[in-house]
Every structure is written in C-alpha cells, then in structure tokens.
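Okay, here's what each chain looks like letter by letter:
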Amino acid sequence: MGDIWDRATLAETPARETALACVEAGIDAAHPARVVADEIAVDRETLRVADATYDLAGHDRVVVLGGGNAAAHVARVLADALGDRLDGGCVVTDDPIDVPGVAVLPSDHPVPSERGVASTKELLDAARGCDADTLVLAVITGGGSAVLPAPADGLSLSDLQATTEALLRSGAPIHDVNAVRKHCSALKGGQLARALAPATVVTLVFSDVVGNDLDVVASGPTVSDTSTYGDALAVLDDYAVDVPAAVRDRLERGARGDLPETPSEDDPAFEDVDTHVLADGSTALAAASDAARERGYETLILSSCIEGEAREVGGVHAAIGTDAANTGNPVDPPAVVLSGGELTVTVEGDGDGGPNQECALAATHRLPDGAAFACVDTDGIDGASEHAGALVDSETVDDLADARAALHENDAGGFLADQNALLRTGPTGTNVNDLRVLVVEN
C-alpha cells in the first residue's frame, strides 16, 4: 500500500520517523481494500453502499465500469464482495492488478496516452451496451481525467497531450483545469452517464478534489457539469495557456453556442444515477492524526481544503511550526500539524514543478530545530515525478542560495534528490490528494 522505500535511511530522527509513520497511516487508510470493506457489503440479493441499498435480484446484469488511479483496486474488492453476482465489466487505470471477471485496461498519468485512448474507447463501448436491466457500479477515482482520454470530435490525442501539459504548468487550480478537459472530451462532464443510460448507475468515488466537487473528480464522467465552454475559454485566457488551434477553436465554437453543452443536472441521463464518496482527503488526515496521537503527540488538522502555490503553503507551514515551538500556539509541542488539499505550481523555470517537493523545499530553511516536514501526493506521483513527495528538516539545506535557485527554476525535485530527501512509494492503490505532516518536537 503506502510503504515508503528506503524508510530506515530516511527515519534518521524521531520527528522524521513520526512523519513517515503518519504518511503511511494516511495512505493505507484510504486504500480501497480498507475503505470498500467498510462501506460496501452484499447480503444475499442486497447490495449496501454506505446507508443506501440496491436490489441485485431486480437486475439481469451487474457490471463494474470506470477508471482512475485506484480503479482496479476498487474493482477487486467489489469482485470479491459480489462473487458470482458480478457479470463482468472493465476499468481503465495506470495501476493495473488482476481482477477476477473484470478487464483491467492500461492507461497513463498525468499526460494522456495512445493506449489510454484505446482503453477508454473500449470502456465507452461497454457502457453503450448497458440497458435498463443493468446495474452499473461506476468506479471513479482521482487521476481519471488523465487516465480516461476520449478526444472530442475534431480533436486528436496530441491536442489533448499538449493541452494537458500546458494546463499542468500554468498554475491553474484543478477546477479550472478540468473545466477545459471536460469540454475537450467525449466522456467527461457527465457524458459517460449519457452512454450508460438507461442503466441504473451507482457511482463510487475516491475523491482527490478539494471540497469533493463531484463534477471535478476525474472531470465528472457520471455527474452533471457545472462548467461551460465559456468557463473553459476563460481559463485559457486567465492563465495564458497556449493550446493547439483545434482546442481553442472548439471552445470558441462552444461558447458561441455552435456545439451542445455538457449535460446539466436536469438531463435525463442522471435520473437513475446515485453517487457515493467513499474516501477523500479527510480519510487520510484522520488516520495520520490517530497515528500521531498513538505516539504521544498533540495533533492539529489545519484543513483538508488547502489550495494555492506550493511554495507559499510551505512557508505558512514552517511559520506555524516555528510559532508552535516558540509559544505553544496554535498547538503545544510535541505536536503534529496536518493538512490536505491540492497545491499548484506555476512553472516558469526548466524544472518539472512537483508541488509537494516545492512545498517541502520552500519550508525547510524556516523550520524550527528538531522539526520534520513530509509532503506527499497520496497516489505516489507528485506532478509528473516518479516520487511521491519529500521529507525535510532544518538540516536539509546547507546552501540557501542553491535552494532558492532551485525554487526559481521549479527544480525542487532535482535539489532534494541531491539531499536524499525525496520520498518514493510507487503506485499506492489510492488517490485522495495531498497529505502534509509537520512534526514539532519539544
């Protein structure tokens, strides 16, 4: 699950070891093997999802369809729970595992790929094969926006790739990024629900979006869309995003009313769609807090909804740590301060701009003595990096000028690699956004 590579080497101090333990606890708590077992059960012909129940006997077929970083892991737990009541399905993911009775189709993240397009076409074909007697368990997890590419009419894969790369470097928040993605797709923004109608659809969400805005998680394939072509066009202009001519032309035509909008809440496609959020950032934060308390630390969860430029958020966390160490406010050490959300990086240098790495580097030289700060993306992929994030303390930076130069170039990852401060987990099987752990000793 969330095991950290080279953990023994990284855990050089009590604060660093505690930070790693909290990260692992948070990621593990959001893994489908734990979450789905708690939230979903099958009793004879009744499927329970949280507080809702569904009659399996009332449907000729029960299938699992969907996509995202954690889709195969969710599908496996569903397959185990349903047994012979499951009639097949397919999920698209960049983290494949074997799932009995369900086809696991390959894709890539964070930039869409050719094999992702082929897999998503197969998913859409399966969706169109569902009828009124089909119960669809629609698995939608973080990462689905990249993992489920379906170029809209007139667009190519290369158009989506260039647009995605430009958006991810722009510093735009995910709500704005996905407004563009939805209007360049044949699946996002509720269009998968249209393909599934008239089936009964139970959407199971692992949210990596601040506030759990359902039309933003994986760009909302099975829920109504609150954004418009005009909104998407405004994102390109507000953040000076340079996209292929075909993309801008499509958005301009849509804004003029020459193309139909993505479906809104009154669309009949959503009449038989229920949606359940099974895990989100709060899931990881609660488990990390429990792990800290078990070790004798006071805990403070700042928020699960922190957004903004990574380096600014890093500075704020360092200031909170310093205040706690000096005054006992807002929490008296030994203490662990936790936060979640989704940070962004406006990439202006030659680096890759991994937000968790940049957050950590911006904090390190301001941390109080003995403190440690871990910043990770719970899916194990920080931006386009192979690392999940970083673990730093006040000793990480020897040369402040070099650290500032790395931040200027958005190359926090390169600098922290030289300091052996990067965290690697590999694919974690989940995605509930960022997790930050600040440990302040006495």
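About the thresholds
- Residues numbered from 1 in each chain as written.
- Predicted model: local features only at pLDDT ≥ 70, side-chain atom pairs only at ≥ 80, totals over all residues.
- Heavy atoms only, no water.
- Pairing = 2+ DSSP bridges.
- Helix = DSSP H or I, 4+ residues; strand = E, 2+ residues; numbered from the N terminus.
- Axes fitted to C-alpha atoms, helices over the stretch in contact; angles between N-to-C directions.
- Contact = heavy atoms within 4.5 Å.
- Buried < 20%, exposed > 50% of the residue type's maximum accessible area, 1.4 Å probe, protein only.
- Arc of directions from axis to C-beta.
- Polar contact = N/O pair within 3.5 Å; in protein donor to acceptor, adjacent residues only side chain to side chain.

Novice: What am I meant to see in the sheet that holds strand β8 (residues 200-206) here?
Specialist: One key point about sheets: their strands pair by backbone hydrogen bonds, in either a parallel or an antiparallel sense. If you trace the 6 strands from one edge of the open sheet to the other, you get β6-β5-β4-β7-β8-β9, paired in parallel fashion. Here the strands that pair on one side only, and so sit at the sheet edges, are β6 (103-106) and β9 (273-279). Within the sheet, the average angular offset between the axes of one strand and its neighbour, ignoring direction, is 20°. Note: strand β4 (residues 61-67) against strand β5 (residues 89-93), 4 bridges, orientation parallel. Along β5, the bridge assignment pairs Gly-66 with Val-91. Helix-sheet contacts for helix α4 (residues 71-82) involve β4, β5, β6, β7 (134-141) and β8, and the interaxial angle to β7 is about 145°.

Novice: What is the right way to read the sheet that holds strand β15 (residues 434-440) from this model?
Specialist: The 6 strands lie next to each other as β10-β11-β15-β12-β13-β14, forming an open sheet whose pairing is mixed. The sheet terminates laterally at β10 (298-309) and β14 (422-423), the two strands that pair on one side only. The pairing of strand β12 (residues 372-377) with strand β13 (residues 389-393) spans 5 bridges and is antiparallel. Directly across from Cys-375, in β13, lies its bridge partner Ala-390. Running over the sheet, helix α12 (residues 281-294) touches β10, β11 (335-344) and β15 and is turned about 150° from β10.

Novice: Would you mind going over the environment of Gly-429 with me for this structure?
Specialist: Along the chain, Gly-429 falls in the loop between β14 and β15. Judged by relative accessible area, Gly-429 falls into the buried class, the value being 2%. The spatial distance from the C-alpha of Gly-429 to the C-alpha of Val-235 is 31 Å, given a sequence separation of 194 residues. The residues touching Gly-429, leaving out its near neighbours within four places in the chain, are His-31, Pro-32, Ala-70, His-73 and Asp-95.

Novice: Can you help me understand helix α10 (residues 229-238) in this one?
Specialist: Taken as a whole, α10 has its buried residues at Tyr-229, Ala-232, Leu-233, Val-235 and Leu-236. Along the axis of α10, the buried positions cluster into a sector of 150°, meaning they face one direction only. In this structure, the buried side of α10 is in contact with α7 (157-170), α8 (174-182) and α11 (245-256). At the N-terminal end of α10, a side-chain oxygen is found 3.3 Å from the backbone nitrogen of Gly-230, two or three residues along, and the residue is Thr-228. The first or second residue beyond α10 is Ala-240, which carries a positive phi of 50°.

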